[in-house]
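Understanding the architecture of this molecule
Each chain, letter by letter, is given below.
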Amino acid sequence: MSKPLISVRNLKKYFPVRRFLFAKDYVKAVDGVSFDIYEGEMFGVVGESGCGKTTLGRTILLLIPPTAGEIYYRGENILEYDKEKLKEFRRRAQIVFQDPYSSLDPRQTIFDIIIEGPRYHGIDVGDPEEFVVSLLRKVGLEEYHLYRYPHEFSGGQKQRIAIARALAMNPEFIVFDEPTSALDVSVQASILNMIKQLQKEFNLTGMFISHDLAVVKFMSQRIGVMYVGRIVEIGDSDELFKEQLHPYTRALFSAIPIPNPRVTRSKKKMIVKGEPPSPIHLPRGCRFYPRCPYAMPICRTKEPDLMEIDKNRHVACWLYR
Amino acid sequence: MSEPILRVEDLRVYFYTYAGVVKAVEGVSFEVYSGEVFGLIGETGCGKTVTSRALTRLIPDPGRIEGGRVLFRINSEWVDLLKLPDSELRKIRGSLISYIFQDPSSALDPLYTAGYQVAETIIAHNRVSWKEAWLKAIDALRSVLIPDPEARVKNYPHELSGGMKQRVVIGTSIVNEPKLLIADEPTTNVDVTIQAQIIDLLHQLKNLRRTSIMLITHNMGLIAEMADRVAVMYAGRIAEIANVYTLFEEPLHPYTQGLIRCVPDPTKEIKELYPIPGTVPDLINPPKGCRFWPRCSKAMDICKREVPPRVEVSKGHFVECWLYAGGGHE
C-alpha cells in the first residue's frame, strides 16, 4: 500500500456553549480521532447526523482550528506551518460542501467563482477563459454557462460547479462533504460517477463524508464509522460490508433498507434502542454502551481506544480485547 | 386480496402562480386496499405530496383541485371526499384518515406540550373529558414506544429529539385508530438507527390494527422494506403500479427501470451507476405526450404526440407507456 497523505492523531474539536454567566460546557464534536488517508485512495466517513463527520472534515482542512491533536500532511504537522506553507496547503487541499445552494456566491458569475482561487494564489493558468471552459467541460457543463449566475443552475449543476472550483486549484486532496445529499437519486448517480472518474484522472486523494452507506461503499476503498465524535471502526469497504465488528457498526449496517425487497426483508435486523447521547453530556466509558446489547462492566468505566485487530481493520470495542 | 378502501380517479391539482399554471398532478388514479402498505415513490417535485394532501383537500392557495374523484369507503359505503362539505370532511381528517407529515418539527405546535397535542386530537373527534383524553394520550405515546410517557406528555416539542418528535406525531395520527394512515416521508429527517425503529413501529401498526398505510417517499430502500404495492410517480402522473416484488424484479416503464438502476445497492459490487439523462420537466409547460419522453432512451414518435394510456400488462401490474400499448405498431 502507498504512503499516508494525511494522518490525523488524537484530533479533538470542542465548541463552547454557555451554560450560565461564565460557566461553560463543551460540545465535543470530534473527540479523539486518529486515522490515515493513503495516497490515491478515497476514504469514506459514515455516521448519523451530529456525529461530528462534517466538523472532522473541516478541521482537517483547518477551516476551523482544532482544540487538540495533530494533523500531518506528507509527514509534516500542518499546525506548525508558517503562513507561506499554510497557504500552499490550502491550495492543495480543497473541499466540496454539502449544500450547493449556499456554497456558491449568488452575485458572482461562474467564471468568477472558479477563477477566484487560482487568481488569489497566483497560479499560472494561461488564458483564464479557456482554463475555466476546460474545467467546465470536465464536469459536464458547457462554454455558454461561463457568465451565468448560480441561480440559473439546478442543484446537480451547482454541485458540478463546486467541483470545478475545487479542481481549479490543482489539488491533491479533496474533502467531499455529503456532496449529493441535497440531490435526487437520478442526479446523484451522475455526480458520483463523475467524482469517481475525476479522481482517477487527476490522481486525487479524497475523504468522502456521507450518512448514506450505499453511497460511501460505492465511492470509497476504506471506510471509517463515526459515533458521537469518535471513530469506532475502520475497515476495507468490502470487508466491512461482509462483517461488522463493532456493535454500533452492526446496528447501523443492519438498519439500512436495501433497494431489493427479497434481500431487505430476509435480512436479520439488529434494532438498537434509544438515541445517541448528547455530545455535551457523554456517558462515562464507551459512548455506545447505554444502547449496546453486549455491554460489559468495563464498558461503563473505560473508553476503548481504536486498536488494530486484523490487517486493515481497527475497532474501538472491549469485546475484541 | 382484500377490498379497496380508497379509490382515486383522474385526480388533477393545479397551482395558479405568477409564472403560469403548474400542473402538479395531472390525471392520477390508484387504489389503496385495506390492511396494505401502498407506496408512492418519486423524486422531488413529482407531485407525490400534493397528491396525498389533495385526498382530504389540504391544498393551500394558489392550488386548486381541478377534477377527479377521491372515493373513500366508510362502512361499505363510498363517499367522494372532494364533494363532501367542509364540516363533514373535518370529521374524517385526523380520525378515519390521518397524516404523518415529513417534518416533525413543523407538524407540532411549539407552544403546546406533546400531551396536549395528542389529547386535542382525541377531544376533536370523541366525546371524552380532558382527563380521559390525557390518559389516552399517555397510552398513545406508550404505544409508539416513547420511554416514560407520563413524563414526556408534559414536554414541549423543543425538549424532544427529532426521533421523539416523530413518535409524538405518529402517536397523534394513530390515536383515533384511522383506517388510512398517510405517511409522507416519515423517516426523511431522522437517522438510520431511528429510521429502523420507526419502520418497526409502522410494521406493528399495520399488523396489529390492520391500518392501511400510504407511504410516500423518495427512498427506494424504504419502499423495498415496507410496501406491498407501489406506484411510481413522474412529473405529476403515475408511470407504473405493481406489486413490490414485480416492480423491483420486472419493472416495465423506462422511468422505473432507470430509477432502480441509479440507486446504489450496498450488497452488490458496483463499478458504475446508471443515471437517468436530462432533468425533470417544468410542470408549467410539460412536454406534450408522455412527460418522460425527453429523457427516455426508447422514445418513439407517438410518445411525443399523445399521452400513453394505462395498460394492465398482467394482473395488478399497470403501466402508462406506449411500449406496452401497441405504440410501436402504428
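Below is a short write-up of the structure. (Residues numbered from 1 in each chain as written. Chains lettered and ligands numbered in written order. Predicted model: local features only at pLDDT ≥ 70, side-chain atom pairs only at ≥ 80, totals over all residues.)

On to the overall build of chain B. Summing up its helical and strand segments, chain B has 12 helices and 12 strands in all. Expected size for 330 residues packed as a compact globule is a radius of gyration near 20 Å; at 21 Å, chain B falls within 12% of this value. Over its C-alpha atoms, taken along the principal directions, chain B stretches across nearly 70 × 50 × 45 Å. When the 330 residues of chain B are sorted by exposure, 49% land in the buried category. (Helix = DSSP H or I, 4+ residues; strand = E, 2+ residues; numbered from the N terminus. Rg over C-alpha atoms; globule rule 2.2 N^0.38 Å. Buried ≥ 20, exposed ≤ 12 C-beta atoms within 10 Å, placed from the backbone.)

Regarding its fold elements, chain A presents 11 helices and 12 strands. At 21 Å, chain A has a C-alpha radius of gyration in line with the 20 Å of a compact globule built from 321 residues. Across its three principal axes, chain A shows a C-alpha extent of roughly 65 × 55 × 45 Å. Looking at the 321 residues of chain A, the share that counts as buried comes to 45%. Considering only residue pairs separated by 6 or more positions, chain A has 65% of its internal contacts joining residues 24 or more positions apart. (Contact = placed C-beta atoms within 7 Å.)

Below, the discussion takes up the sheet that holds strand S12 (residues 317-320) of chain B. Residue and element names in this part refer to chain B. Here eight strands make up an open sheet; going across it, the order is S6-S7-S8-S3-S9-S10-S12-S11 and the pairing mixed. Unpaired on one side and paired on the other, strand S6 (97-100) and strand S11 (310-314) mark the two borders of the sheet. Averaged over all neighbouring strand pairs, the angle between strand axes comes to 20 degrees, with direction disregarded. The pairing of strand S3 (residues 37-41) with strand S8 (residues 212-217) spans five bridges and is classified as parallel. Note on S8: the bridge partner recorded for Gly 39 is Leu 215. Lying on the sheet, helix H7 (residues 162-174) is in contact with S6 and strand S7 (180-184); it crosses S6 at an angle near 175 degrees. (Pairing = 2+ DSSP bridges. Axes fitted to C-alpha atoms, helices over the stretch in contact; angles between N-to-C directions.)

Time to look at the environment of Ala 19 of chain B. Assignment of secondary structure puts Ala 19 of chain B in the loop between strand S1 (4-17) and strand S2 (20-33). Once the C-alpha coordinates of Ala 19 of chain B and Leu 145 of chain B are considered, the two residues, 126 residues apart in sequence, prove to be 46 Å apart.

With that settled, consider the interface of chain A and chain B. Contact residues are listed per partner, giving 33 residues for chain A and 35 residues for chain B. At the level of secondary structure, the elements contributing two or more residues to the side of chain A that touches chain B comprise helix H6 (185-201), helix H7 (213-219), helix H9 (247-255) and helix H10 (261-266) of chain A. Looking at the side of chain A that touches chain B element by element, the count peaks at six residues for H6 of chain A. Looking at the side of chain A that touches chain B, its residues break down into 19 nonpolar, seven polar and seven charged. (Nonpolar A, V, L, I, M, F, W, Y, C, P; charged D, E, K, R; others polar.)

Attention now goes to the packing of H9 of chain A against helix H8 (residues 192-209) of chain B. At a minimum axis separation of 8 Å, H9 of chain A and H8 of chain B run at an interaxial angle of 55 degrees. Between H9 of chain A and H8 of chain B, the interaxial angle falls into the category oblique. H9 of chain A and H8 of chain B meet at a crossing whose hand is left-handed. Only Val 192, Thr 193, Gln 195 and Ala 196 of chain B of H8 of chain B make contact with H9 of chain A, whose side of the interface consists of Ala 251, Leu 252 and Ala 255 of chain A. Of the residues contributing to the contact of H9 of chain A with H8 of chain B, the split by class is five nonpolar, two polar and no charged. (Parallel < 35°, antiparallel > 145°, perpendicular 65-115°, else oblique. Left-handed = near helix turned anticlockwise from the far one by under 90°.)

As a further point, take the packing of helix H3 (residues 110-120) of chain A against helix H4 (residues 128-138) of chain A. Residue and element names in this part refer to chain A. Remark: H3 packs on H4, axes separated minimally by 10 Å, with the N-to-C direction vectors making an angle of 100 degrees. Between H3 and H4, the interaxial angle falls into the category roughly perpendicular. Contacts from Phe 111, Ile 114 and Ile 115 in H3 reach Pro 128, Val 132 and Leu 135 in H4. In terms of residue class, the contact of H3 with H4 is made up of six nonpolar, no polar and no charged.

Among the nonpolar cores identified, the biggest contains 188 residues, and Met 214 and Val 232 of chain B are the most heavily contacted of them. The residues contacting Val 232 of chain B, other than those within four sequence positions of it, are Ile 41, Gly 42, Ile 238, Ala 239, Glu 240, His 253, Tyr 255, Thr 256 and Leu 259 of chain B. (Core = buried A, V, L, I, M, F, W, Y, C linked by C-beta atoms within 7 Å.)

Bringing helix H5 (residues 130-143) of chain B into the picture now. In a regular helix each residue adds 1.5 Å, so 14 residues correspond to 20 Å; H5 of chain B covers 20 Å between its end C-alpha atoms and thus fits that length. Contacts from the buried residues of H5 of chain B go to helix H4 (114-125), helix H6 (149-152) and H7 of chain B. (Expected span 1.5 Å × (residues − 1).)

As a further point, take the sheet that holds strand S4 (residues 68-73) of chain A. Hydrogen bonds along the backbone pair up the strands of a sheet, which may run parallel or antiparallel. Residues and elements named next belong to chain A. Taken in spatial order, the four strands line up as S2-S1-S4-S5 in an open sheet, and their pairing is antiparallel. Since the sheet does not close on itself, it has two edges, and those belong to strand S2 (23-38) and strand S5 (76-77), each with one partner. As judged from the 13 bridges shared by strand S1 (residues 4-20) and S2, these two strands associate in the antiparallel manner. Counterpart to Pro 16 in the pairing with S2 is Tyr 26.

Here we take up the pairing of S2 of chain B. Residue and element names in this part refer to chain B. Bridge analysis of S1 against S2 gives 11 bridges, and the strand direction is antiparallel. Looking across to S2, one finds that Arg 12 is bridged to Glu 26. Counting the residues between successive antiparallel strands, the hairpin from S1 to S2 contains two residues.

Residues and elements named next belong to chain A. Burial in H3 covers these residues: Ile 110, Ile 113, Ile 114 and Ile 115. Those residues of H3 that are buried are in contact with H4 and helix H5 (155-167). Positive phi appears at Gly 122, one or two residues downstream of H3, with a value of about 60 degrees.

What follows deals with the environment of Trp 130 of chain B. All names here are of chain B. Examined against the element boundaries, Trp 130 turns out to sit in helix H5. According to the C-beta neighbour criterion, Trp 130 is partly exposed, with 13 such atoms within 10 Å. Remark: the alpha-carbon pair of Trp 130 and Pro 186, spanning 56 residues in sequence, is separated by 29 Å. If we skip the residues at most four places from it in the chain, Trp 130 touches Ala 119 and Ile 123.

Attention now goes to the environment of Ser 105 of chain B. All names here are of chain B. With respect to the element layout, Ser 105 can be found in helix H3 (residues 104-107). Spatially, the C-alpha atom of Ser 105 lies 9.7 Å from that of Leu 160, the residues being 55 residues apart in sequence. Among residues more than four places away in sequence, those in contact with Ser 105 are Pro 157 and Lys 165.

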